[in-house]
Amino acid sequence: MRPLVVFGTRPEAIKLAPIIRLMQASSEWDPIVVSSGQHREMLDQVVNDLAIKVDLDLSIMRESQTLAYVTSAVITSVEGCLKEFKPELVLVQGDTTTAMGATFASFYQAIPVGHVEAGLRSGNFLDPFPEEMNRQVVSKMATWHFAPTQRSSENLRTEGVDEAAIEVTGNTVIDNLKWVIEQGLGRSSFKTDSSRLLVTLHRRENQGENMAEIASALRALCGRGDVEVVLPLHMSPQVRRVLQPELDGVSGMNLIEPLSYLDFVRTMNDADVILTDSGGVQEEAPSLGKPVLVLRQTTERPEGIEAGSALLVGTNADVIAHECARLLDDQAWYQQMAHVKNPYGDGTSALQILERLQRDLTQVK
Ligand code: UD1
Ligand code: UDP
């Protein structure tokens, strides 16, 4: 079986890696692994840790690239790959422009698409922007919908997707986390015994004023004097332009470069509280027993909030500082959030996805 597997950003590589590893180790699969190169340094860094082989790199990234540029570059360059390799199917992951563009390119050539992490919905096209539109567009064209949870499956059915085309598999991010823990973790970036906060920020709808407001909450938390913050800076100039002037030189604050995947997992494991607007981090943290404060107005991952491991705190500085201080100062509350079963899967998602594809593809032949 000859699928083309496409990714372009850090989280897609992380979440497709368990599938690619299984395929590359199997004699029944002959995958063509393509990176759009929507990300560069941040992608190369995690790919090095993931034990996967990339067959082709389309290297499309430009500094401060626009959404229109990324969309057109992915569609055009993936179209070239499809013509050259003629795969039986294309696998995409999530809600990035690479996933959406590769789906369009496949649809235009009538090649079926399997969508990994299908059915997440915030219900607001402007938040997360443009991801909510990207994932709905992919759902319209995909043949297989690999939903991580029952709720994501229900979202798809509500939109009219045939139940037979949906497989609830859990999220492959958990497969990868298990694999990393088996490999042995990297190095933690925390240096002291103070209360340890790990922060990541990058979403477009947070860039600008919201990010400045979040930075003000982090300054207030550092002002307590008993806190160490590690913040691996996303490489987007729109993120750095706000966070560096607001946070550089603040006592207790460590602004660092993005971490390799093994080092990031170790740093998550060493943190007391995680504050983030990342999707993947919200899914990983409960497996490591870490409470998460979600720095967004909406989330398409309500399962963590309902399970009690995450709290949607928005971007108001006072609310963020208050909720974080509550976790640091109220042990009973902390323990309640820290001890929750991960609702995003049991680490067997990649296998379930491959078994379903294998079943359907061999039936067709
Ligand atoms: C993209 C995804 C988002 C995902 C995020 C993961 C879209 C529309 N957005 O957002 O869903 O959550 O990746 O991190 O697909 N840059 C570098 N080096 C890198 C990566 C980025 O320099 O390795 C800089 C470049 O100047 C680039 C900018 O960051 O132009 C923005 O990158 P882009 O992929 O367009 O958007 P993200 O905000 O990373
Ligand atoms: N991550 C990483 N290094 C870092 C920060 C994050 O390897 O310095 C990993 C993290 O464990 C998660 C993924 O990157 O699996 C999340 O990526 P990001 O926040 O960029 O995107 P999102 O998940 O929001 O789409």
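These numbers were taken from a predicted model, which means no experiment stands behind them. (Residues numbered from 1 in each chain as written. Chains lettered and ligands numbered in written order. Predicted model: local features only at pLDDT ≥ 70, side-chain atom pairs only at ≥ 80, totals over all residues. Heavy atoms only, no water.)

Notes on the environment of Asp57
In step 1: Counting through the fold element by element, Asp57 comes out in strand S3 (residues 56-57).
In step 2: Asp57 gets classed as partly exposed once you look at its relative accessible area, which sits at 35%.
In step 3: As a C-alpha pair, Asp57 and Gly37 span 20 residues in sequence and 6.2 Å in three-dimensional space.
In step 4: When residues no more than four places from it in sequence are discounted, the contact partners of Asp57 are Ser35, Ser36, Gly37 and Arg40.
In step 5: Polar side-chain contacts of Asp57 include one of 2.8 Å to the side chain of Arg40.
In step 6: Within the local environment of Asp57, its side chain forms a polar contact with the backbone nitrogen of Ser59, the two atoms lying 2.9 Å apart. (Helix = DSSP H or I, 4+ residues; strand = E, 2+ residues; numbered from the N terminus. Buried < 20%, exposed > 50% of the residue type's maximum accessible area, 1.4 Å probe, protein only. Contact = heavy atoms within 4.5 Å. Polar contact = N/O pair within 3.5 Å; in protein donor to acceptor, adjacent residues only side chain to side chain.)

Examining the site of ligand 1
In step 1: The full set close to ligand 1 counts 25 residues, and Gln38, His39, Glu41, Arg62 and Glu131 are the nearest of them.
In step 2: Here an oxygen atom of ligand 1 sits 2.8 Å away from a polar atom, N or O, in the main chain of Arg62.
In step 3: With respect to ligand 1, the side chain of His202 contributes an N or O atom lying 2.9 Å from an oxygen atom.
In step 4: Taken by itself ligand 1 offers 740 Å² of open surface, and the protein chains cover 95% of this.
In step 5: The residue makeup of the shell around ligand 1, split by class, is seven nonpolar, 10 polar and eight charged. (Near = heavy atom within 4 Å. Areas by Shrake-Rupley, 256 points an atom, 1.4 Å probe, with all protein chains shown as cover. Nonpolar A, V, L, I, M, F, W, Y, C, P; charged D, E, K, R; others polar.)

Concerning the pattern of salt bridges
In step 1: All told, the structure shown has 30 salt bridges when counted by the stated rule.
In step 2: A salt bridge links Glu283 to Lys15; its shortest N-O distance comes to 2.8 Å. Placement of the pair is Glu283 in helix H11 (residues 279-284) and Lys15 in helix H1 (residues 10-25), with a sequence separation of 268 residues. Assigned by exposure class, Glu283 and Lys15 land together as buried.
In step 3: Across the pair Glu163 and Arg157 runs a salt bridge whose closest N-O atoms are separated by 3.6 Å.
In step 4: Residue Arg157 is classed as partly exposed on the basis of its relative accessible area, which comes to 40%. (Salt bridge = Lys/Arg side-chain N within 4 Å of Asp/Glu carboxyl O.)

So, unusual backbone geometry
In step 1: With omega at 0°, the peptide bond leading from Asp127 into Pro128 counts as cis.
In step 2: The residue Pro128 is located in the loop between strand S5 (113-116) and helix H5 (131-141) in this model.
In step 3: The peptide bond linking Phe129 to Pro130 adopts the cis configuration, its omega dihedral lying at 0°.
In step 4: You can see Pro130 is positioned in the loop between S5 and H5.

Thoughts on the pairing of strand S8 (residues 195-200)
In step 1: For S8, the tally of buried residues reaches five of six residues, placing the bulk of the element in the interior.
In step 2: Where S8 lies against strand S9 (residues 227-232), four bridges are found, and the strand directions are parallel. Of the residues in S9, the one forming a bridge with Leu197 is Val229.
In step 3: Chirality of the crossover, the property in question, places the unit of S8, helix H8 (residues 209-222) and S9 among those that are right-handed.
In step 4: Sheet topology note: the S8/strand S11 (residues 273-276) ladder contains four bridges and is parallel. Looking at S11, one finds that Leu197 is bridged to Val273. (Pairing = 2+ DSSP bridges. Right-handed = clockwise from strand over helix to strand, strands pointing away.)

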